[in-house]
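Reading the structure
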Amino acid sequence: MANPNEDVIKAAGRIMAHSGIAGLSLDALKKEFSMARKRFPRGINNDGDLFELMLLDFEEKLRALVSEISLKNNHPDQEITLLFKGLYDMFKQHQWYLDLVFDKSLLLRCRKAEDILFRVRRVAKSYLTRLIQRGKHNGQFASTESTYVLVNEILESFRALMNDWQLTEKMIKDIRYAQKVKD
């Protein structure tokens, strides 16, 4: 089912891709919509509502990814591969998710961000926990390390990788912008 706010989310993502998260505001988004002659949706009354909408979209897409992979009922190592490949593809396609997740002021800008991000982490942790336990049970994973420790190490490593990627993308954008200004 398509998200009825998909146009808003895409427009906000374009603004963030061009101006960064600092450039995203309700006013900037309304200008984008008035230029496109689209009706601005109800329920988005301030910047916090906008960030909440984007975070909820991220949560929904993550849940859909986990559900899709789970339904295939592959071996745990294959599911882990599919999960991280899917996450990589999602972040590549929707770079603004990383910008949101790593924004240091997000909790100040969106009062529901902490709850949404907690749920996102819980989805990832519980899915990885089930996969690792299943892999240990069927002998596919021979680690004696506790599942809890493995899950936390995997998620922390992925978070560090995504943070590095996000910083690299930001650097590339800054260099391109500086070149345009110089030319």
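Structure first, text after, so check above.
The following refers to the structure shown.

Conventions adopted
Residues numbered from 1 in each chain as written. Predicted model: local features only at pLDDT ≥ 70, side-chain atom pairs only at ≥ 80, totals over all residues. Heavy atoms only, no water. Helix = DSSP H or I, 4+ residues; strand = E, 2+ residues; numbered from the N terminus. Core = buried A, V, L, I, M, F, W, Y, C linked by side-chain atoms within 4.5 Å. Buried < 20%, exposed > 50% of the residue type's maximum accessible area, 1.4 Å probe, protein only. Contact = heavy atoms within 4.5 Å. Salt bridge = Lys/Arg side-chain N within 4 Å of Asp/Glu carboxyl O. Polar contact = N/O pair within 3.5 Å; in protein donor to acceptor, adjacent residues only side chain to side chain. Expected span 1.5 Å × (residues − 1).

Here we take up unusual backbone geometry. Located in the positive-phi region is Asn73, a residue other than glycine, with phi close to 55°. Its place among the elements puts Asn73 in the loop between helix H3 (47-72) and helix H4 (76-93).

Moving on, we get to the nonpolar core. Core analysis: the biggest nonpolar cluster contains 51 residues, and Leu83, Leu87 and Phe91 have the highest contact counts within it. Secondary-structure elements contributing two or more residues to this core are helix H1 (6-19), helix H2 (26-35), H3, H4, helix H5 (96-101), helix H7 (113-137) and helix H8 (147-182). Those residues in contact with Leu83, other than ones at most four positions away along the chain, are Leu65, Val66, Ile69, Tyr127 and Leu128.

With that settled, the discussion passes to the pattern of salt bridges. Under the counting rule described, the total for this entry stands at seven salt bridges. Between Lys61 and Asp57 there is a salt bridge, with its nearest N and O atoms 3.0 Å apart. In this pair, Lys61 and Asp57 both sit in helix H3, four residues apart, roughly one turn of the helix. The residue Arg134 makes a salt bridge to Glu79 at a minimum N-O spacing of 2.8 Å. With Arg134 in helix H7 and Glu79 in helix H4, this residue pair connects regions lying 55 residues apart in the sequence.

By the secondary structure assignment, Asp103 is in the loop between H5 and helix H6 (106-109). In this structure, the C-alpha to C-alpha distance between Asp103 and Ile132, residues 29 residues apart in sequence, is 30 Å. With residues up to four places along the chain from it excluded, the contact list for Asp103 reads Ile21 and Arg109. A polar contact is formed between the side chain of Asp103 and the side chain of Ser105, at a distance of 3.1 Å.

On to the environment of Gln133. Looking at the element boundaries, Gln133 is found in helix H7. Separated by 49 residues in the primary sequence, Gln133 and Phe84 have C-alpha atoms spaced 18 Å apart.

A few words on H8. End to end, H8 covers 52 Å across 36 residues, agreeing with the expected 52 Å (1.5 Å per residue, within 8%). Those residues of H8 that sit buried are Thr147, Leu150, Val151, Leu155, Phe158, Met162, Trp165 and Gln166. For H8, the elements touching its buried residues are H4, H5 and H7.

A few words on the environment of Ile132. Tracing the chain through its elements places Ile132 in helix H7. Along the sequence, Ile132 and Asp77 sit 55 residues apart, while their C-alpha atoms lie 8.4 Å from each other. Those residues within four positions of Ile132 in sequence are excluded, and the remaining contacts are Ile80, Phe141, Thr147, Leu150, Val151 and Ile154.

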